[in-house]
Amino acid sequence: MGPHPAVAAIRLAVRRVLHDILTDQSRLSRTTGERTGGRITARLARPFGDIPEQTPNERTPSPLVLVACSGGADSMALASALAFEAPKLGIRAGGITVDHGLQPGSDLRAEEVVLRLRELGLDPVESITVTVGRDGGPEAAARDARYAALDAALERHGGTAVLLGHTRDDQAETVLLGLARGSGIRSLSGMAAVSGAGGRYRRPFLQLDRQTARKACMVQALPVWDDPHNADPAYTRSRLRHEGLPALEKALGKGVVEALARTAQLSRDDADALDTWASQAEASVRDAAGLLECAKLYALPPAVRRRILRRAAIEAGAPAGSLFARHIEEVDRLITGWRGQGAINLPGKVVAQRQGGRLVIRQG
């Protein structure tokens with residue numbers, strides 16, 4: 001008799017991601033070997049097939065994959081699946097828990113999570129205490145501190161990737177939050193299955209709902225911790241989870257979460273295509289000195305032009321997280337609605353202004 005359907009689902013999702021990691025590592029090893037003149041005989045892994053083979057003298061170290069675990073149902077289900085699947089593929093598996101220090105007893109809870117991860121057979125396992133700032137609000141500040149800690153842990157342990165337990169429900173919430181900000185199609189694309197420098201962050205559960213992860217923990221008798229912040233109406237995501245989404249499902253019927261997750265994927269495909277177009281077009285709208293030419297920008301489709309403007313603002317020093325659609329729209333008017341208006345002030349003390357048919361974006 002096979003495992004419970006919920007357990008089978010989470011293991012399958014993790015197995016697919018681990019195969020992807022092995023394939024990526026094999027491809028990287030082969031490319032590196034070609035650049036250095038080495039002889040690499042690795043062949044890419046087929047889905048659910050053999051691990052990439054290499055000759056004994058060319059075998060690369062087993063990759064280390066870490067799981068970010070808060071002790072909640074989503075990340076505990078992910079940790080258990082990683083502990084089960086990784087050894088079968090020759091992958092080392094470890095775990096990281098981040099103590100944000102925002103609640104009494106958070107250090108004790110982090111120690112409990114470390115013990116649970118070790119009981120699953122993960123190694124190395126580490127608890128990291130971070131200091132949460134205030135920039136961007138409490139949720140954004142905690143997220144920034146958490147990712148900085150995970151980045152450092154991955155480098156410190158020589159890891160290949162970090163698995164994150166975001167589910168389809170989290171994806172739906174992210175899409176709605178992006179919609180509320182009015183920041184364009186990129187915000188609607190939600191979280192990517194693969195993100196971070198070198199594709200270091202992987203989200204195996206974006207096609208699975210939160211209840212599947214919780215059920216998997218229950219049938220495996222895995223203790224889980226329910227973060228009280230997830231039910232605190234002081235947090236925007238919490239209000240959306242407990243009030244907003246239920247209201248939408250009541251008004252529109254079941255299937256809202258699935259539809260929003262599907263919207264995220266479609267939006268991401270479109271946004272990626274437009275980003276590629278903008279990257280290719282950018283060189284053609286700059287003069288010999290590297291300045292943006294307004295007439296050439298004007299000839300581009302708005303979606304492409306605004307991507308070029310956003311990239312230029314970020315390169316000039318505007319923080320990406322503080323640069324919203326309304327900022328780019330104001331800069332865009334220097335191209336499409338020029339009437340001699342003055343400079344546009346952007347976040348990060350960046351200024352955009354039109355000068356002699358050129359758009360100059362720089363630190364003010």
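Look up: the structure comes first, before these words.
Only a predicted model underlies this, so the values are computations on that prediction, with no experimental measurement involved.

Draft legend 1. Structural view of the packing of helix H9 (residues 256-282) against helix H11 (residues 302-316). Relative orientation of the contacting elements H9 and H11 amounts to 70°, with a least axis distance of 9 Å. Comparing the axis directions of H9 and H11 gives the class roughly perpendicular. Taken together, the residues of H11 that come into contact with H9 (itself represented by Ala271, Leu274, Asp275, Trp277, Ala278, Ser279, Ala281 and Glu282) are Ala303, Val304, Arg307, Ile308, Arg311 and Glu315. Split into classes, the residues belonging to the contact of H9 with H11 amount to eight nonpolar, one polar and five charged.

Draft legend 2. Molecular detail of the sheet that holds strand E9 (residues 350-355). On the basis of which strands lie adjacent, the open sheet formed by four strands has the order E7-E10-E9-E8 and antiparallel pairing. Looking at strand neighbours, the two that pair on one side only are strand E7 (292-293) and strand E8 (344-346), the edges of this open sheet. Two elements, E9 and strand E10 (residues 358-363), share six bridges in a ladder whose sense is antiparallel. Bridge pairing in E10 links arginine 354 to leucine 359.

Draft legend 3. Structural view of the packing of aromatic side chains. One pass over the structure, following the stated rule, counts one aromatic pair. Consider the rings of tyrosine 147 and tyrosine 201, whose centres lie 5.1 Å apart with planes at 90°: the pair is edge-to-face. Here tyrosine 147, found in helix H4 (residues 138-157), pairs with tyrosine 201, found in strand E6 (residues 201-202); they are 54 residues apart in sequence, far enough to count as distant. Each member of the pair tyrosine 147 and tyrosine 201 is classed as buried.

Draft legend 4. Unusual backbone geometry, seen in detail. In the segment running from aspartate 123 into proline 124, the intervening peptide bond is cis, with an omega of 5°. Within the secondary structure, proline 124 is located in the loop between helix H3 (106-119) and strand E3 (125-129). Even without glycine at this site, alanine 221 takes up a positive phi of about 60°. Looking at the secondary structure, you find alanine 221 in the loop between helix H7 (210-219) and helix H8 (236-252). Given the relative accessible area of 63%, alanine 221 is considered exposed. For lysine 349, which is not glycine, the phi dihedral falls at a positive 60°. In this structure, lysine 349 sits in the loop between E8 and E9.

Draft legend 5. Inspection of the sheet that holds strand E5 (residues 194-195) at higher detail. As summarised here, the arrangement of the six strands in space is E3-E2-E1-E4-E6-E5, forming an open sheet in which the pairing is mixed. Among the strands making up the open sheet, the edge pair consists of E3 and E5. Where strand E2 (residues 92-99) lies against E3, five bridges are found, and the strand directions are parallel. Residue pairing for E3: threonine 97 is matched across the bridge by serine 127.

Draft legend 6. View of the nonpolar core. Ranked by internal contacts, the top residues of the largest apolar core, which has 37 residues, are Leu18, Leu82, Leu122, Leu163 and Phe205. Sorting the residues of this core by element identifies helix H1 (5-36), strand E1 (64-68), helix H2 (73-85), H3, strand E4 (161-163) and H7 as the ones contributing at least two each. When residues in this core are grouped by element, the largest group, nine residues, is from H1. The contacts of leucine 82, once residues within four sequence positions are left out, are Val14, Leu18, Val65, Leu66, Val67, Pro87, Ala93, Gly94 and Leu163. Core analysis: the second largest hydrophobic core is formed by 25 residues, Ala281, Leu292, Ala313 and Ala352 among them.

Draft legend 7. Structural view of the side chain of serine 187. Along the chain, serine 187 falls in helix H6 (residues 185-188). Overall, the relative accessible area of 14% leaves serine 187 in the buried class.

Draft legend 8. Structural view of the packing of H2 against H7. For the pair H2 and H7, interaxial distance at closest approach is 8 Å and the crossing angle is 60°. Put simply, H2 runs oblique to H7. The crossing of H2 and H7 is left-handed. The segment H2 lies against H7, with Ala73, Asp74, Met76 and Ala77 engaging Arg210, Ala213, Arg214, Ala216 and Cys217. Here the contact of H2 with H7 is composed, by residue class, of six nonpolar, no polar and three charged.

Reading the values: rules and limits
- Residues numbered from 1 in each chain as written.
- Predicted model: local features only at pLDDT ≥ 70, side-chain atom pairs only at ≥ 80, totals over all residues.
- Heavy atoms only, no water.
- Axes fitted to C-alpha atoms, helices over the stretch in contact; angles between N-to-C directions.
- Helix = DSSP H or I, 4+ residues; strand = E, 2+ residues; numbered from the N terminus.
- Parallel < 35°, antiparallel > 145°, perpendicular 65-115°, else oblique.
- Contact = heavy atoms within 4.5 Å.
- Nonpolar A, V, L, I, M, F, W, Y, C, P; charged D, E, K, R; others polar.
- Pairing = 2+ DSSP bridges.
- Phe/Tyr/Trp six-rings, centres within 6.5 Å; stacked < 30°, edge-to-face > 60°.
- Buried < 20%, exposed > 50% of the residue type's maximum accessible area, 1.4 Å probe, protein only.
- Core = buried A, V, L, I, M, F, W, Y, C linked by side-chain atoms within 4.5 Å.
- Left-handed = near helix turned anticlockwise from the far one by under 90°.

Bear in mind that shape data such as this cannot, by itself, settle questions of function.
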